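# An overview of the molecular structure
For reference, the chains in residue letters:
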Amino acid sequence: MDAVSQALLEAQNKAETLFAAVVDGGLIQAGKLESELTEDIYRLARDQFGVRRHWHKRIARAGSNTLLGYHEESPERRIDADDVVFLDLGPVFDSWEADFGRTYALGSDPHKHRLVSDIGVAFRRGKELYERTPQLTTGELYDFVAGLATTSGWEFGAPTAGHLIGHFTHERAPTEPRRFSIRPGNDQLLREPDEHGNPRHWILEIHFVDRARQIGGFFEELLTVPTPQ
């Protein structure tokens, strides 16, 4: 594994440990406002993990707010005992960006727990498609994971399914803001190197929703770095 891949994987591993600390510490609990949860996470990340910078806004969404995408503003909501709650965090570790998202079903509703399971499965299937398809475009990957939502009885809840990641701050295309996002119709090759000939790295985001039941689930992590066996 090259040095950049290793650095990004290490940042992600730290983010995963941070998420475990959030759960083990009981930070996700009924009665707490979403904003209170994000503040608790900020303090935990700072005090226990030395995180001083988050490269994007910290998101904690519960109940019907889980239908909303990253760029949508959500009304403040208090977590209920049987809610679905998802977290989307972008902590920076040693100048390397992590972008990690997970969903938690607090109650015993089997439909909500199936949602949590299905988004994890969809991520793995999307990553498998990337690994076996050298000429895969971002648009093709979006269409694939959106199709998984439909076949599983859900709806894909976002206009994009991922983006670039890297050393803070990662590469951007100001004149072509949609170029480096996983979205329908985008013919950007996932394996196309940057202008210096270096591999680009991508995050894959899965957002499945059930609008009738007013719930959504979110799962994200590195697409382009192999998962250690």
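See the structure printed just above.
Residues numbered from 1 in each chain as written. Predicted model: local features only at pLDDT ≥ 70, side-chain atom pairs only at ≥ 80, totals over all residues. Heavy atoms only, no water.

We now examine helix H3 (residues 110–132). Helical geometry note: an α-helix holds 3.6 residues per turn, so side chains three or four residues apart project in the same direction. With 23 residues, H3 should reach 33 Å at 1.5 Å per residue; the first-to-last C-alpha distance of 33 Å fits that figure. Along H3, the positions that sit buried rather than exposed are His111, Lys112, Leu115, Asp118, Ile119, Gly120, Ala122, Phe123, Gly126, Lys127, Leu129 and Tyr130. Structurally, H3 contributes buried residues whose contacts are with strand E2 (84–89), strand E5 (100–105), helix H4 (138–151), strand E8 (201–210) and strand E9 (215–222). The N-terminus of H3 is capped by Asp109, whose side-chain oxygen sits 2.8 Å from the backbone nitrogen of His111. (Helix = DSSP H or I, 4+ residues; strand = E, 2+ residues; numbered from the N terminus. Expected span 1.5 Å × (residues − 1). Buried < 20%, exposed > 50% of the residue type's maximum accessible area, 1.4 Å probe, protein only. Contact = heavy atoms within 4.5 Å. Polar contact = N/O pair within 3.5 Å; in protein donor to acceptor, adjacent residues only side chain to side chain.)

This brings us to the side chain of His201. Following the sequence through the fold, His201 ends up in strand E8. There is a polar contact of 2.9 Å between the side chain of His201 and the side chain of Thr224. Once residues within four sequence positions are removed from consideration, His201 is found in contact with Val4, Ser5, Leu8, His163, Leu164, Ile165, Thr224 and Val225.

Here the focus is the side chain of Asn186. Note that Asn186 resides in the loop between strand E7 (162–165) and E8. Of note is the side chain of Asn186, whose polar atom sits 3.1 Å from the side chain of Thr138. Setting aside anything within four residues of it in sequence, one finds Asn186 in contact with Thr137, Thr138, Gly139, Arg178, Arg179 and Ser181.

Geometry only, nothing functional implied.
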